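# An overview of the molecular structure
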Amino acid sequence: MIEIKNITKTYRTGDVDFQALKNVGFTIKDGEFVAIMGPSGSGKSTLMHILGALDTATSGTYFLDGRDLSKLSDDELAEIRCDKIGFVFQSFNLLPRTTVLRNAMLPLVYAQVSHEERDKRAREALFSAGLDEGHFYHKSNQLSGGQIQRVAIARALVNNPSLILADEPTGNLDTKTGEIVLGTFQRLNEEQGKTIILITHEREVAEHADRIIFIRDGEVVEDHGQHAKRIINRK
Amino acid sequence: MKYRDILEETSSALLANKVRSGLTMLGIIIGIGSVIAMLAIGQGAKQNIQGSIEGLGSNLLTIMPGVIQAGRGIVSSGRGSAETLKNEDLPVIEKVEGVAIVSPELSRRFQVVADTGNNTNTTIMGAEVKYAEVHNLILANGNFFSAEQVRGLGRQAILGATVASDLFGEIDPIGRKVRINGSVFRVIGVLQAKGGFGFSGPDDMVIIPLPTMQKVVSGLDNFSSVSVSVVDKEAMAQVQTQITDDLMIKHRVKEADFSIISQQDILDTMSTVINTFTMFLASIAGISLVVGGIGIMNMMLTTVTERTREIGLRKAIGAKRRDISLQFLIEAIALTFIGGAIGIFLGWLVSFLVTYFGVLQTSVSWYSILLAFGVSALIGIIFGYYPARRASAMNPIDALRYE
């Protein structure tokens, strides 16, 4: 359960204040598949950083599973990210020269999970993300783009987070591979009830979600629920 | 993060850039290696010289005519002309409590010609029978002269090892004749080589009976030195003071017209000199350690910059500051530690080779190994701290965006 209220984020460059987010507020329930959409410069990246506990808001509150994250220190935020959030990045960010299995279990290293448990959970996550066991001991430079992004999804799944944040996950993939990756998110949402937030600027990508939140100039301009696809098509 | 994980990360990071890790380590290897080798050689030189001095008798006091003043050396007006040590001083010295043996000596340099035709310029030492005992001399061959031969102005000579080989080479010198300042002596003994101390050591001298030296060879009736062996090593200072006092009364002087040097004084001085020298060499080697440390820091800063995105990712998925800083700190310490271990081996190898080729008997001490290990770990911590801190202080958002 995500609850943000009156979130404002101000960047100060020299003497000029820039408001990246202005009074943003919404609630995302467990098991929702939400796309946050907006053009570049709209403030969606800033919003993603706050939702992902990478950054804190200048004002406003952010409750994740009932805990207020708006006033936590760096290390406390790291703990939240470790326990509750899984990231999927546009540029994958796998460790080079490291096997698929070790990449997938990396978050568990920081969560102090035992070696046996890590191995078991990383395998499960890789299966969930749709990767064949034949690739588990390959290094990331031996994989295709789609396979790499599925390893990254497995890495986001492995700590069993409350929330998976995907930042332009198809940005570096061709359309066909992108479809497969988005299909993976849909399947995880439908079959395993994972809460997924997809940040994108592409309408076709956003359409895979059940709900779309439009951001423009730091404000939520539209928030469409169950009938997102239909509304987008009509525009 | 568990220690096993940190070690796994460290080994994979260091192995990923083998050449760079190796070259960076080389700085530490050379630094630690040279410190170990220098300390081992210094230690060896010290033991070597201590050994030779102690071989000359460590419970020995040497009384010499003239005054030796600190900083001014031997005052020439005293020694050369003053003939302050004479026969009548001996009973005074012998009476002092704690004195074991008193050996009067008169030495001068003369040309020695052997019956083989060879000649050499060496120290002719006029001595009594107890000379051998006082100076721990051992005969390699033949005998020392007897008390009768001393009293009877005997013409017997005992050759030092160097003199014997200079004059006679491979020939056995026992029974051969040598001529010293016009008098002919029969060689009755050869001393065992003592080594070390090339100048005025027992290897380079000819010993003849003291009265013969005084009356026949040199025509002097004083002594150039009196060696006194002391019963108890601990009481040397006390004996030294007592002899000084008694001799001053005997000579009726207010200021001593002789000097007393103990073997311990020489030993202490030499040890100080060698220690200073060793520390000097080791600190030059230490400079290369600092240079090596800077190399480590340079490499770690490069690594941190190169792996900015990795650091960003690790932070995004839950690594705390401590996890990141520990990872990079351990990487730096691993570099210096492995470098230190190889350096210790290298330093040991160098000192082993020095010993093996007979240059010097070296010894690698546990102390220097511990010191090297401590120093290399410390260098890892000092020079790894700043890069590690820089890595841990990175903002994950900026780090992930880094191109």
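Rules of the game
- Residues numbered from 1 in each chain as written.
- Chains lettered and ligands numbered in written order.
- Predicted model: local features only at pLDDT ≥ 70, side-chain atom pairs only at ≥ 80, totals over all residues.
- Heavy atoms only, no water.
- UniProt positions renumbered as here; feature names shortened; annotations may be inferred.
- Helix = DSSP H or I, 4+ residues; strand = E, 2+ residues; numbered from the N terminus.
- Contact = heavy atoms within 4.5 Å.
- Phe/Tyr/Trp six-rings, centres within 6.5 Å; stacked < 30°, edge-to-face > 60°.
- Buried < 20%, exposed > 50% of the residue type's maximum accessible area, 1.4 Å probe, protein only.
- Core = buried A, V, L, I, M, F, W, Y, C linked by side-chain atoms within 4.5 Å.
- Buried area = accessible area lost by both parts, 1.4 Å probe.
- Salt bridge = Lys/Arg side-chain N within 4 Å of Asp/Glu carboxyl O.
- Polar contact = N/O pair within 3.5 Å; in protein donor to acceptor, adjacent residues only side chain to side chain.
- Nonpolar A, V, L, I, M, F, W, Y, C, P; charged D, E, K, R; others polar.
- Domains from an automatic or database assignment.
- Axes fitted to C-alpha atoms, helices over the stretch in contact; angles between N-to-C directions.
- Parallel < 35°, antiparallel > 145°, perpendicular 65-115°, else oblique.
- Left-handed = near helix turned anticlockwise from the far one by under 90°.

Per an unreviewed UniProt entry, chain B carries the name Multidrug ABC transporter substrate-binding protein and comes from Candidatus Vogelbacteria bacterium RIFOXYB1_FULL_42_16. Note on chain B: under the UniProt heading Subcellular location (unreviewed entry), the record states "Cell membrane".

Identification of chain A as ABC transporter domain-containing protein from Candidatus Vogelbacteria bacterium RIFOXYB1_FULL_42_16 is taken from an unreviewed UniProt entry.

The next point concerns the UniProt feature "domain: ABC3 transporter permease C-terminal" (unreviewed entry) in chain B. Residues annotated in UniProt with the feature "domain: ABC3 transporter permease C-terminal" (unreviewed entry) correspond here to residues 283–396 of chain B. Between the end C-alpha atoms of residues 283–396 of chain B the distance is 43 Å, and the span holds 85% helix and 0% strand.

Residues and elements named next belong to chain B. Inspection of the secondary structure assignment puts alanine 391 in helix H13 (residues 366–392). Taking the C-alpha atoms as reference points, alanine 391 and glutamine 111, 280 residues apart in sequence, are found 78 Å from one another. In this view, alanine 391 contacts Val304, Ile311, Ile324 and Phe328; residues no more than four positions away in its chain are not counted.

The relation between two aromatic rings is expressed through the spacing of the ring centres and the mutual angle of the planes. Residue and element names in this part refer to chain B. Per the counting criterion, the structure on display carries eight aromatic pairs over all chains. Ring geometry for phenylalanine 337 versus phenylalanine 373: centroids 4.9 Å apart, planes at 40 degrees, classification tilted. Taken together, the residues span a long stretch of sequence, with phenylalanine 337 in helix H12 (residues 321–356) and phenylalanine 373 in helix H13 at a distance of 36 residues. The class for phenylalanine 337 is partly exposed, based on a relative accessible area of 38%. Ring plane angle 25 degrees and centroid distance 5.8 Å describe the contact between phenylalanine 352 and tyrosine 356, whose orientation is recorded as stacked. Residue phenylalanine 352 and its partner tyrosine 356 are located together in helix H12, separated by four residues, close to a single helical turn. Accessibility expressed as a relative area gives 40% for phenylalanine 352, which makes it partly exposed. By relative accessible area, which is 59% here, tyrosine 356 ends up exposed. Within the aromatic cluster, the residues linked to one another by ring pairs are Phe345, Trp348, Phe352, Tyr356 and Phe357.

For the rest of this paragraph, the subject is the nonpolar core. Core analysis: the biggest nonpolar cluster contains 77 residues, and Leu51(A) and Tyr62(A) have the highest contact counts within it. Broken down by element, the residue count for this core peaks at nine residues, all from H12(B). Ignoring sequence-local partners within four residues, the contact set of Tyr62(A) consists of Ile2(A), Glu3(A), Ile4(A), Ile7(A), Ile50(A), Leu51(A), Arg67(A), Asp68(A), Leu69(A), Ser70(A) and Leu163(A). Core analysis: the next-biggest nonpolar cluster, separate from the first, contains 42 residues, Val99(B), Val178(B), Val190(B) and Ile260(B) among them.

The subject of this paragraph is the interface of chain A and chain B. Taken together, the 26 residues of chain A in the interface contact 24 residues of chain B. Of the roughly 2,400 Å² buried at the junction of chain A and chain B (both faces included), carbon and sulfur atoms supply 56%. One salt bridge connects Glu8(B) with Arg102(A), and the closest N-O pair in it is separated by 2.9 Å. At the boundary of chain A and chain B, one finds 11 residue pairs in polar contact (both at pLDDT 80 or more). Listing elements by their share of the side of chain A that touches chain B, those giving two or more residues are helix H2 (74–84), helix H4 (106–110) and helix H5 (115–128) of chain A. For the side of chain A that touches chain B, the leading source of residues is H2(A), giving six residues. Broken down by class, the residue content of the side of chain A that touches chain B amounts to 11 nonpolar, six polar and nine charged.

Glancing now at the domain arrangement of chain B. Quite often, the size of an interface is put as the accessible area lost when its parts meet. Taken domain by domain, chain B holds domain 1 (3–52 + 268–401) and domain 2 (83–256). For domain 1 of chain B versus domain 2 of chain B, the distance between C-alpha centres works out to 55 Å.

On to the packing of helix H1 (residues 3–16) of chain B against H12(B). Residue and element names in this part refer to chain B. Between H1 and H12, the shortest axis-to-axis distance is 9 Å and the interhelical angle comes to 55 degrees. In this view, H1 runs oblique relative to H12, as classed from their interaxial angle. The hand of the H1/H12 crossing is right-handed. On the side of H1, the interface is formed by Tyr3, Ile6, Leu7, Glu9, Thr10, Ala13 and Leu14, while H12 contributes Arg322, Leu326, Gln327, Ile330, Glu331, Ala334 and Leu335. Residues belonging to the contact of H1 with H12 are distributed by class as follows: nine nonpolar, two polar and three charged.

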